[in-house]
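Listed here are the chains, written in short residue letters.
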Amino acid sequence: MTLEQPLAVRPPRTLAEAAEAHLDDVLGYLLYLTRDRETAEDLASSTFEKALRLWNRFDPGRGSARTWLLGIARTTALDWFRAEARRRKREEAAALPERVEEAFAEGLSPALEAGLAALSAGEREVLALRVVLELDGDATARVLGISPTAVSTRLSRALKRLEERVNQG
Amino acid sequence: MTVNEIVDELRGARPRASDALRLQVMTIAARPAPRTRTFGERVRGRRRLALLVPAGAAVAMAAAVVIGVTRSGSTGPVVAAAPESTARSGATGEALVAPPTAADAATAQKAAPGPLTGRLQRYSAALSLEVEDNDALSDATQQALRIARDLGGYVVSVHYATGDQGSASLTLRVPTANAADAVTRLSGLGTILAQNVQIDDLQESLDTLDRREQQVRARIAALGAAIDRADDAAERARLEEQRAQARAELRALRASQAATAAEARNATVQLDLQTKQDSGGAVPGSGSRLDRALDKALAVLAWEGIVLLAVAIALAPLALAAAAVLATRRTRRRHEEDRLLATP
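Here the structure is a predicted model, which means the values were calculated and not measured. (Residues numbered from 1 in each chain as written. Chains lettered and ligands numbered in written order. Predicted model: local features only at pLDDT ≥ 70, side-chain atom pairs only at ≥ 80, totals over all residues.)

Novice: Any chance you could explain the overall build of chain A here in plain terms?
Specialist: Across its full length, chain A carries seven helices and zero strands. Across chain A, helices and strands are ordered from the amino to the carboxyl terminus as α-α-α-α-α-α-α. Sorting the 169 residues of chain A into buried and exposed places 38% on the buried side. Put simply, 66% of the contacts in chain A that link residues at least 6 apart link residues at least 24 apart. (Helix = DSSP H or I, 4+ residues; strand = E, 2+ residues; numbered from the N terminus. Buried ≥ 20, exposed ≤ 12 C-beta atoms within 10 Å, placed from the backbone. Contact = placed C-beta atoms within 7 Å.)

Novice: For this particular structure, what's the right way to read the overall build of chain B?
Specialist: Of the regular secondary structure elements, chain B holds 10 helices and six strands. Looking at chain B as a whole, 25% of its 344 residues are labelled buried. By sequence separation, contacts in chain B at least 24 residues apart represent 76% of the contacts at least 6 residues apart.

Novice: What is the right way to read the pairing of strand β2 (residues 121–131) of chain B from this model?
Specialist: If a strand is regular, its side chains alternate between the two faces of the sheet. Residue and element names in this part refer to chain B. β2 sits mainly inside the fold: nine of its 11 residues count as buried. Pairing of β2 with strand β5 (residues 191–201) involves 10 bridges; the strand directions are antiparallel. Counterpart to Ala125 in the pairing with β5 is Val197. With eight bridges connecting them, β2 and strand β6 (residues 266–275) associate as parallel partners. By the bridge assignment for β6, Ser128 is matched with Asp272. (Pairing = 2+ DSSP bridges.)

Novice: Looking at this structure, I do not really get the packing of helix α5 (residues 121–132) of chain A against helix α7 (residues 148–168) of chain A. What am I missing?
Specialist: Axis angle and axis distance: for two packed helices, these are the angle between their axes and the distance between the axes, and together they describe the pair. Residues and elements named next belong to chain A. Two numbers describe how α5 lies on α7: the axes approach to 9 Å, and their chain directions differ by 105°. The pairing of α5 with α7 is recorded here as roughly perpendicular in orientation. Side by side, α5 and α7 meet where Glu123, Val126, Leu127 and Arg130 of the first sit next to Val151, Arg154, Leu155, Ala158 and Arg161 of the second. Class assignment for the residues of the contact of α5 with α7 results in five nonpolar, no polar and four charged. (Axes fitted to C-alpha atoms, helices over the stretch in contact; angles between N-to-C directions. Parallel < 35°, antiparallel > 145°, perpendicular 65-115°, else oblique. Nonpolar A, V, L, I, M, F, W, Y, C, P; charged D, E, K, R; others polar.)

Novice: Can you help me understand the confidence of the model for chain B in this one?
Specialist: Detailed reading of predicted coordinates is not advised where the pLDDT is low. All names here are of chain B. Model confidence for chain B is summarised by a mean pLDDT of 80, while 79% of its residues fall at 70 or above. Note that pLDDT drops below 50 for residues 74–105; the model gives that stretch 75 contacts with residues more than four away or on any other chain. Below a pLDDT of 50 lies the segment residues 280–286, which in the model reaches 18 contacts outside its immediate sequence neighbourhood of four places, other chains included. Here the predicted complex carries an ipTM of 0.84, next to a pTM of 0.50. (pLDDT = per-residue confidence, 0-100.)

Novice: Before we go on, may I ask you to explain the interface of chain B and chain A in this structure?
Specialist: Size of an interface, as often reported, equals the accessible area lost when the parts are brought together. With 34 residues of chain B in contact, the opposing surface of chain A contributes 43 residues. Contributing elements (two or more residues each) for the side of chain B that touches chain A: α1 (3–12), α2 (19–30) and α10 (288–340) of chain B. Counting residues per element, the side of chain B that touches chain A draws most heavily on α2(B), at eight residues. Class assignment for the residues of the side of chain B that touches chain A results in 20 nonpolar, three polar and 11 charged.

Novice: In this structure, what is going on with the pairing of strand β3 (residues 154–161) of chain B? I would like to understand it.
Specialist: Taken across its eight residues, β3(B) has zero buried, putting it largely on the surface. Connecting β3(B) to the antiparallel partner strand β4 (residues 167–175) of chain B that follows it, the hairpin turn spans five residues.

Novice: When you look at unusual backbone geometry in this model, what are you seeing that I'm missing?
Specialist: Most peptide bonds adopt trans geometry, and most residues besides glycine take a negative phi value. Residue and element names in this part refer to chain A. Its identity as a non-glycine residue notwithstanding, Arg35 has a phi of 60°, on the positive side. Within the secondary structure layout, Arg35 lies in the loop between α1 (15–34) and α2 (37–54). Look at Glu134: it is not a glycine, yet its phi comes out positive at around 55°. Structurally, Glu134 is set in the loop between α5 and α6 (137–144). Overall, Glu134 belongs to the partly exposed group, with 13 C-beta atoms counted inside 10 Å.

Novice: Please clarify how helix α9 (residues 233–265) of chain B should be interpreted in this entry.
Specialist: For the α-helix, the turn length of 3.6 residues means that residues three or four positions removed from each other point alike. Residue and element names in this part refer to chain B. Compared with the 48 Å implied by 1.5 Å per residue over 33 residues, the 48 Å span of α9 between its first and last C-alpha is a close match. All of the buried residues in α9 are Leu239, Ala246, Leu253 and Ala264. In the core, the buried residues of α9 are packed alongside β2 and α8 (203–229). (Expected span 1.5 Å × (residues − 1).)

Novice: Whenever I open this one, the environment of B:Met61 confuses me. Can you help?
Specialist: For B:Met61, the location among the structural elements is in helix α4 (residues 45–71). Residues B:Met61 and B:Val300 lie 239 residues apart in sequence; the distance between their C-alpha atoms is 8.8 Å.

Novice: I keep staring at the packing of α2(A) against helix α3 (residues 65–90) of chain A and nothing clicks. Help me out?
Specialist: Residues and elements named next belong to chain A. Remark: α2 packs on α3, axes separated minimally by 9 Å, with the N-to-C direction vectors making an angle of 125°. When the axis of α2 is compared with that of α3, the two are oblique. The element α2 and its partner α3 pack so that their crossing is right-handed. Seen from α2, the contacting residues are Leu43, Ser46, Thr47, Lys50, Ala51 and Leu54; seen from α3, they are Leu69, Ile72, Ala73, Thr76, Ala77 and Trp80. Classifying every residue of the contact of α2 with α3 by side-chain character gives eight nonpolar, three polar and one charged. (Left-handed = near helix turned anticlockwise from the far one by under 90°.)

Novice: Please explain the nonpolar core as it appears in this structure.
Specialist: Counting 49 residues, the largest nonpolar core has A:Val26, A:Leu27, A:Tyr29, A:Leu30, A:Ala44, A:Leu69 and A:Ala73 as its most contacted members. Broken down by element, the residue count for this core peaks at 11 residues, all from α1(A). With residues up to four places along the chain from it excluded, the contact list for A:Val26 reads A:Ala44, A:Thr47, A:Leu69, A:Leu70 and A:Ala73. Ranked by size, the runner-up nonpolar core spans 27 residues in total, among them B:Ala136, B:Leu172, B:Ala182 and B:Leu189. (Core = buried A, V, L, I, M, F, W, Y, C linked by C-beta atoms within 7 Å.)

Structure representation (structure tokens):
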């Protein structure tokens, strides 16, 4: 008889297992980064397309599947940000299209939603990883490619700014 | 609103994927992965490097051990220079061709001078050789005795000693006709440290003896005729005494001729053997093979280290340049990412 470990403990054997366990995390992260549900869903889909191609390289010894998927999600999002920057540059003569300010996460108060919208993508990113997804400092540092100390500093600054914005009204 | 309240609200409103997205992603994830992992992929990057380093070290060690073991049994190449090598002719005053400071034993062997044919000569040679260790010393001594016997000669004396530095001293006599051959073969028993060949011409002495013999014979014949003619008993007695002296001189001359011929018949070869200074004077059969194997292996390892160091020195500027390029690219990429994520 084989004793099956729960997925939270043992690494996933297939990408399908990893997707089942961590899709919400990947989507949440991308949602906080882009503040656009449609874009986040597109990027989540692209993330798993990439993950399928790279699945052979996944090494559980070097980090969890969640950290690995979030790293791919970040690369995918950065590519999207680059493409957006180029698109905006091309359209800079014309008026920028108004961003549709819709609630990107259900259940947030309007004040918190507004406060998050005022933060930079980098600040929302660290909030998503450390607060919403509750990654520890080391895992967050691996995803962002910075030191754990820099993660703490960035998180503290983001929370302070968010608190100010929320309380400003 | 406090930070704790913000955190609680953010965690409470954790986003969930829609059923449509979940279905889409699960469809993607259910597809087969492009190909199975190869061994190279499993041990890629730093792990592969981490495997290569001990593997390379193991290969280097194995090579050193194999070379050390396989080459420890030989007596070593005979390639060292002969710092002193001279030959001269004594009585004739003619300088014979002597081996120059040879770069190898083969050159010295080819240049070993021989006696001139048709003349009576005294041939003496002194050879000083170095051998690898006490094992080689024993072998070389045995071979020297064999060479002397093979060439029709004999051993006058042998002194053999092992210790911190083993040595052997042999005095050999071989027919002069085979002297050059003997020197050539003996010089192949080790590394030549010094070689000295001396050839003294005895022909002139022998010719002088021959002429003197003719004179004495003629004198004896003349004295015999005078004795026959002598009438006076006293005169006869005086002539007979002179003839007896001449006969004694003739016998001495014949003895000198025989001694000179004997001197020229056999050449004297003095062979001195010694072990290398750093051979440690290991006593034969007491683990010297292991010592040699270890020495060779360490020497090979030292050479491998030198080569590795040279390669590292040669590649260091390239590695530094590559590291600088990588660091610059990384910094640029990070700045670009920060810039991209700086906007709301």
